[in-house]
Amino acid sequence: DNRGDALSLMTALTSKNPGNAEAQFALAHMAMRAGDLSNASAAVDRALIIRAGWEDAALLKARILGATNDQKRTVQFYSQYLARYPKSSKVRMNYARYLVDQKNWEGARDQFKQVLESSPDNADVLYALGLLSLQTEQLDDADVYFRRAIDINPANDQVRIYLGQTAERREKFDTAISWYKS
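Just so it is clear, the model here is predicted, and its values are computed rather than measured. (Residues numbered from 1 in each chain as written. Predicted model: local features only at pLDDT ≥ 70, side-chain atom pairs only at ≥ 80, totals over all residues. Heavy atoms only, no water.)

*Asks:* For this particular structure, what's the right way to read the nonpolar core?
*Replies:* The nonpolar side chains of soluble globular proteins are, as a tendency, buried together. If you look at the biggest cluster of nonpolar residues, it comprises 52 residues, and the most contacted ones within it are Trp54, Leu60, Phe77, Val91, Phe112, Val125 and Phe146. Here phenylalanine 112 is in contact with Met93, Ala96, Arg97, Val100, Val125, Ala128, Leu129 and Leu132, once residues within four sequence places are set aside. (Core = buried A, V, L, I, M, F, W, Y, C linked by side-chain atoms within 4.5 Å. Buried < 20%, exposed > 50% of the residue type's maximum accessible area, 1.4 Å probe, protein only. Contact = heavy atoms within 4.5 Å.)

Here's what the structure looks like:
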């Protein structure tokens, strides 16, 4: 099996130079692709020790944990990492998406709001916050987020549909009709 051979070779190479974060990261990737989550986790942990705070390694660690379906450890990892590196928008966005996958709407909203603080003109984050607000029946918030998203990206017709749905749920039918028409 080529994957197994490549993994064996990479393991041998990294053992000769264990202090190389990039090599540990590459080994973690290969081990994950080979389905060896235990070695993948150990290698990415070494990469994060060598190069603390490395976002790409943190994202890989989260993927490995996600693959083990251990929700508690995954949330714990994200929480600890973001406590140490609160400005890591990439990891925070990933965490927010993970929470959406877990149907933790409020937790996801909180994480997206923190991303929004550092990038207030991110139309994707505004869109996500609009959807989560709609999902949790926070209709006034949904309207605000969707309107900001449409101001930034006027070409997004999907946002207009959601603005129409939000207006409908708020029983503002004339407003809903105008959003649908636009």
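Moving on from the model shown.
*Asks:* Is there a simple way to explain the packing of aromatic side chains in this structure?
*Replies:* Two aromatic rings, taken as a pair, are described by how far apart their centres are and by the angle between their planes. Tallying each qualifying case throughout the model produces nine aromatic pairs. On the basis of an interplanar angle of 40 degrees and a centroid distance of 4.7 Å, the ring pair of phenylalanine 25 and tryptophan 54 is categorised as tilted. Of this pair, phenylalanine 25 sits in helix α2 (residues 21-33) while tryptophan 54 sits in the loop between α3 (37-50) and α4 (55-67); the two residues are 29 residues apart in sequence, bridging distant segments of the chain. On the basis of an interplanar angle of 50 degrees and a centroid distance of 6.2 Å, the ring pair of phenylalanine 77 and tyrosine 78 is categorised as tilted. Exposure remark for tyrosine 78: the relative accessible area of 3% places this residue in the buried category. An aromatic cluster is built from Phe77, Tyr78, Tyr81, Tyr85, Tyr95 and Tyr98, whose rings are joined through pairwise contacts. Here the guanidinium or amino end of arginine 51 rests over the ring plane of tryptophan 54, the centre of that ring lying 4.1 Å away. (Phe/Tyr/Trp six-rings, centres within 6.5 Å; stacked < 30°, edge-to-face > 60°. Helix = DSSP H or I, 4+ residues; strand = E, 2+ residues; numbered from the N terminus. Lys NZ or Arg CZ within 6 Å of the ring centre and 35° of its normal.)

*Asks:* Got a minute to help me understand the pattern of salt bridges in this structure?
*Replies:* Oppositely charged side chains may form a pair once their charged atoms are brought near each other. Counting across every chain of the model gives nine salt bridges. For arginine 160, the salt bridge identified is with aspartate 157, shortest N-O distance 3.4 Å. With arginine 160 and aspartate 157 both in helix α10 (residues 157-169) and three residues apart, the pair spans about one turn of that helix. For aspartate 157, a relative accessible area of 47% translates into the label partly exposed. In this structure, a network of salt bridges that share partners links the residues Asp140, Asp143, Arg147 and Arg170. (Salt bridge = Lys/Arg side-chain N within 4 Å of Asp/Glu carboxyl O.)

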